[in-house]
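Each chain, letter by letter, is given below.
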Amino acid sequence: MRLLQVCSEIFPILKTGGLADVTGALPDAFKKIGIDTRVVLPGFRAITQALTKSEVVAEIPSRFGAPPCRLLKGQLKGLNVVAYVIDCPYFYDRNGGPYADEHQRPWPDNHMRFALLGWVAARLTQTLDPRWRPDVVHAHDWHAGLTAAYLHAFEHWTGIPRIPCVFTIHNLAYQGNFAAHCFAEVDLPLYMWGVNGVEFHGQLSFMKAGLFYADQLTTVSPTYAQEIQGAEQGVGFDGLLRGRRDQLTGILNGVDPLVWNPATDAHLAAQYDHQHLAGKMGCKAALQAQLQLAPKPDAPLFCVVSRLTHQKGLHLVLEALPQLIQAGAQFALLGGGEHGMEVAFRQLAQAHPQSVAVRIGYDEPFAHQLIAGSDMICVPSLYEPCGLTQMYGLQYGTVPLVRKVGGLADTVVHCDLEGLVHKTATGFVFDHFSSHDLLAVARQAMALYKHADEWQALQQRGMKQSFDWQRAAKAYQQVYQRATKVTP
Ligand code: ADP
């Protein structure tokens, strides 16, 4: 099977969130089960700089207001996958992020920048690269959503049957919605403007294009697949998703053991595994020293590694922290996002320098050090499609405190009496989105932390969990097989 993966970010080259971890890990996992995978990406600066052995595959005529550009093919440093890169500096070579400028303002021409991605992906199923054509296209998140629409449009225009498309929702709340007039700028047939098409409440929606036109849909955990069919988490798409529930599959993300493994992690002060946990104490001491926290080996150290957005529920942490500090806990955060939240965490750190440390920004090595050196990791999300940091926590013996939602509910087993007696517990799970409930489980965690043997057993159970990408790859393979059966 030949697979074309369409995405806008890929680890380790360009990452703003979990999407990149997934698109970076899947090609390798697919290779092991015989799926010949290629990736198509916009030529953001980081991507073109990482491209080696590149050759020009095709000249792309002027489209969507961009001048003529080229499609390159090559290898991306650190990844073992053939990559097609849309070399269109006019759209992609900018200071700032892939979706927004330095001030977090979305690029005003995003609809055209990501229309080009979908259009090129769909053209790759035809003759854009005369030497390779996929059997299936897999588009990720709204940035790649128009791929599915262009596949239908080309079929409509040429009469040639389209290649099937699978679309994965990584976060339904980011929808790529644009003003109605943008529809005229993305070269789709007029019949697609409507409720049975790419229109969503009078706007052009890239997410809707993916949800409506893809042959199969997936999302990144079984619980989130259920939740998005309801009004609360469906963000306006619940009706559409209920209608497509037979084509919607929840596939839990994995953890790449070459990147996230405390036994081999070169970022850490000391390595460790579930049988030799001493190294974790070394990591904690190093972290406390680095952050100038009080050097107390017995102080329970909570951490957060996260985007600072309302979704992540970190205002609950802010509310709970004064009482936790009072009870002897320490806290360290790595993240960036909403200005007000950055300021609030910074103020807390200034008020309690011995107990709270805050680092604003994006820092991959420090994320590893923070997770390894902490005792617990908090993920109190309002909603969470999958969530990766709780899984990293489990692998690193850093007990997760999570809200019972989405992928968090699928990956952490609550440490109640039953979980302790039956030896199934791996962390602490609370239900109601309130600082009161977060505080309650945090207190339970601190109480158990004092019992070193039981705490260690909890850590070891988490560390022995397997979040294998091969399992996910096989589940995607089944979805591809279903997709290839339904189209003519
Ligand atoms: P989301 O995709 O919603 O941001 P996930 O938990 O699925 O949340 O994935 C977040 C990914 O980004 C994880 O790999 C996490 O380690 C990483 N991450 C988040 N914030 C930072 C940061 N400030 N520095 C380094 N890595 C970060």
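Conventions used here
- Residues numbered from 1 in each chain as written.
- Predicted model: local features only at pLDDT ≥ 70, side-chain atom pairs only at ≥ 80, totals over all residues.
- Heavy atoms only, no water.
- 1 Å grid on protein atoms, 1.4 Å probe; cavity = no way out; pocket = protein on both sides within 12 Å on 5 of 7 lines; lining within 4 Å.
- Points joined across faces, edges and corners; volume = space filled by probe spheres on them.
- Helix = DSSP H or I, 4+ residues; strand = E, 2+ residues; numbered from the N terminus.
- Near = heavy atom within 4 Å.
- Polar contact = N/O pair within 3.5 Å; in protein donor to acceptor, adjacent residues only side chain to side chain.
- Areas by Shrake-Rupley, 256 points an atom, 1.4 Å probe, with all protein chains shown as cover.
- Nonpolar A, V, L, I, M, F, W, Y, C, P; charged D, E, K, R; others polar.
- Pairing = 2+ DSSP bridges.
- Axes fitted to C-alpha atoms, helices over the stretch in contact; angles between N-to-C directions.
- Salt bridge = Lys/Arg side-chain N within 4 Å of Asp/Glu carboxyl O.
- Parallel < 35°, antiparallel > 145°, perpendicular 65-115°, else oblique.
- Left-handed = near helix turned anticlockwise from the far one by under 90°.
- Contact = heavy atoms within 4.5 Å.
- Disulfide = S-S within 2.5 Å.
- Expected span 1.5 Å × (residues − 1).
- Bend = angle between axes of the 7 residues up to and from the residue.
- Buried < 20%, exposed > 50% of the residue type's maximum accessible area, 1.4 Å probe, protein only.

Things to note about empty space enclosed by the protein
- Inspection of the entire model under this criterion finds 1 cavity of 30 Å³ or more.
- Of the pockets and cavities examined, the largest cavity occupies roughly 40 Å³.
- Lining the largest cavity are Phe302, Val317, Ala320, Leu321, Leu324, Phe331, Cys378, Leu438 and Ala442.
- For the lining of the largest cavity, the element with the highest residue contribution is helix H11 (residues 314–326), accounting for 4 residues.

Examining the site of the ligand
- Residues in contact with the ligand amount to 18 residues; listed here are only the nearest, Lys15, Gly18, Arg307, Lys312 and Gly361.
- Note that an oxygen atom of the ligand is positioned 2.7 Å from one of the side-chain N or O atoms of Lys15.
- The backbone of Leu388 places a nitrogen or oxygen atom 2.9 Å from an oxygen atom of the ligand.
- Within the complex, the protein chains bury 92% of what would otherwise be the 560 Å² of accessible surface of the ligand.
- Those elements that place two or more of their residues in the shell around the ligand are helix H1 (18–32), strand E13 (301–308), strand E14 (330–337) and helix H14 (389–395).
- Classifying every residue of the shell around the ligand gives 6 nonpolar, 7 polar and 5 charged.

Focus: the sheet that holds strand E16 (residues 376–379)
- Across the sheet, 6 strands lie side by side as E15-E14-E13-E16-E17-E18; this open sheet has parallel pairing. Since the sheet does not close on itself, it has two edges, and those belong to strand E15 (356–360) and strand E18 (428–430), each with one partner. For this sheet, the mean angle separating the axes of adjacent strands, direction not counted, is 15°.
- The pairing of E16 with strand E17 (residues 399–403) spans 4 bridges and is classified as parallel.

Details of the layout of surface pockets
- Its volume calculated, the second largest pocket comes out at about 450 Å³.
- Lining the second largest pocket are 23 residues; nearest its centre among them are Gly24, Ala25, Asp28, Asp256 and Val259.
- Only H1 and helix H19 (469–486) provide two or more residues apiece to the lining of the second largest pocket.
- In terms of residue class, the lining of the second largest pocket is made up of 13 nonpolar, 5 polar and 5 charged.

Re the pattern of salt bridges
- Scanning the model with the defined rule gives 16 salt bridges in all.
- Its salt-bridge partner being Asp93, residue Arg45 comes within 2.5 Å of it at the nearest N-O pair. In this pair, Arg45 is assigned in helix H2 (residues 45–50) and Asp93 in the loop between helix H3 (89–92) and helix H4 (110–124), connecting sequence segments 48 residues apart.
- Residue Glu384 pairs with Lys312 through a salt bridge whose shortest N-O separation is 2.9 Å. Here Glu384, found in the loop between E16 and H14, pairs with Lys312, found in the loop between E13 and H11; they are 72 residues apart in sequence, far enough to count as distant.
- Counted as one network, the salt bridges with shared partners bring together Lys15, Asp21 and Glu364.

Looking at the packing of H11 against helix H17 (residues 435–449)
- Contact pair H11 / H17: the axes reach a minimum separation of 9 Å and the direction vectors enclose 45°. As summarised for this structure, H11 and H17 are arranged oblique, according to the angle between their axes. Two packed elements cross with a definite hand, and for H11 against H17 that hand is right-handed. On the side of H11, the interface is formed by Leu316, Val317, Glu319, Ala320, Gln323 and Leu324, while H17 contributes Ser435, Leu438, Leu439, Ala442, Arg443 and Met446.
- Residue composition of the contact of H11 with H17, by class: 8 nonpolar, 2 polar and 2 charged.

Re the state of the cysteines
- One pass over the full model with this rule turns up 0 disulfides.
- In this structure Cys7 is not part of a disulfide, and its nearest cysteine sulfur, from Cys165, lies 13 Å away.
- The thiol sulfur of Cys88 is not disulfide-bonded, and the nearest other cysteine sulfur, from Cys69, lies at 4.2 Å.

With respect to unusual backbone geometry
- A cis geometry characterises the amide bond from Phe11 onward to Pro12, with omega recorded as 5°.
- With respect to the helices, strands and loops of the structure, Pro12 is situated in the loop between strand E1 (2–6) and H1.
- Even without a glycine there, the phi angle at Phe64 is positive, about 55°.
- In this model, Asp141 sits at a positive phi of 60°, which is unusual for a non-glycine residue.
- Examined against the element boundaries, Asp141 turns out to sit in the loop between strand E6 (136–140) and helix H5 (146–158).

Here we look at H11
- Given a rise of 1.5 Å per residue, 13 residues ought to cover 18 Å, and the 19 Å separating the end C-alpha atoms of H11 matches this to within 8%.
- Taken as a whole, H11 carries its principal kink of about 40° at Ala320; the proline Pro322 stands between one and four residues after it.
- All of the buried residues along H11 are Leu314, Leu316, Val317, Leu318, Ala320, Leu321, Leu324 and Ile325.
- Just beyond H11, the residue with positive phi is Gly328, at close to 105°.

A short note on the pairing of strand E11 (residues 216–219)
- By the alternation rule, side chains of E11 split into Gln216 and Thr218 and Leu217 and Thr219, which are all buried.
- Of the pairings in the sheet, the one linking strand E7 (residues 165–169) to E11 comprises 4 bridges and is parallel in character. Within E11, the position partnered with Val166 by the bridge is Gln216.
- Where E11 meets strand E12 (residues 248–250), 3 bridges bridge the pair, whose relative direction is parallel.

All quantities given are derived from atomic positions and should not be read as evidence of function.
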